[in-house]
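# Descriptive analysis of the structure
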Amino acid sequence: MFPRLADLGCGAFGEDANTFGDTLREVIQDEPQTRVLLFKWQTISELRTLLAGSDADIECVSEAVLGIIPTVAPEEPPNWGSFSNLRAFWSAVLHAFENDPEVQAGREIDPDV
């Protein structure tokens, strides 16, 4: 039901998420830049659907698609970060995708132009 979120869980938000950034917030902010516009729109749609659900629904989906527990501060690396709850985590991911420059422009932006 959430293929894009599952893709995120296999990548930047997976077991090796700390290799993608120094803090969890950096991982979240950088992730939209690695995706094509269609993926970003689909992810936004999935996140809106997820966040419309109950906390129990969010927990169930998160357990299925994430390789990390974003509500627990991991020991390695130190100060990597955590969120107070899963809704806060997914809301931060949604915010990052919604505020991506390509999403805001409604089109892909060629970095060489």
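Residues numbered from 1 in each chain as written. Predicted model: local features only at pLDDT ≥ 70, side-chain atom pairs only at ≥ 80, totals over all residues. Heavy atoms only, no water.

Evaluation of the coordinates by the stated rule reveals three aromatic pairs. The interplanar angle of 75° and the centroid separation of 5.6 Å between the aromatic rings of Phe13 and Phe89 together place this pair among those described as edge-to-face. Here Phe13 is found in the loop between α1 (3-10) and α2 (24-30), whereas its partner Phe89 is found in helix α5 (residues 86-98), with 76 residues between them in sequence. Each member of the pair, Phe13 as well as Phe89, is classed as buried. A centroid spacing of 4.9 Å and a plane angle of 70° characterise the contact between Phe89 and Trp90, whose relative ring orientation is edge-to-face. By relative accessible area, which is 0% here, Trp90 ends up buried. Cluster of aromatic residues (ring-pair linked, three or more members): Phe13, Phe83, Phe89 and Trp90. (Phe/Tyr/Trp six-rings, centres within 6.5 Å; stacked < 30°, edge-to-face > 60°. Helix = DSSP H or I, 4+ residues; strand = E, 2+ residues; numbered from the N terminus. Buried < 20%, exposed > 50% of the residue type's maximum accessible area, 1.4 Å probe, protein only.)

Leu5, Phe13, Ile28, Phe89, Trp90 and Val93 are the most contacted members of the largest nonpolar core, which has 30 residues in total. Listed by contribution, the elements that provide at least two residues to this core are α1, α2, α3 (37-51), α4 (55-65) and α5. For this core, the leading source of residues is α5, giving eight residues. (Core = buried A, V, L, I, M, F, W, Y, C linked by side-chain atoms within 4.5 Å.)

Pairing is possible between side chains of opposite charge, provided their charged atoms come close. By the definition in use, this model includes six salt bridges. Put simply, Asp7 and Arg4 hold a salt bridge, and the shortest N to O gap is 2.8 Å. Of this pair, Asp7 and Arg4 both sit in helix α1, three residues apart, which is roughly one turn of the helix. Given a relative accessible area of 22%, Arg4 falls into the partly exposed group. Arg35 is paired through a salt bridge with Glu31; the nearest N and O atoms lie 2.6 Å apart. What makes Glu31 buried here is its relative accessible area of 5%. (Salt bridge = Lys/Arg side-chain N within 4 Å of Asp/Glu carboxyl O.)

Just distances and angles here, no functional claims.
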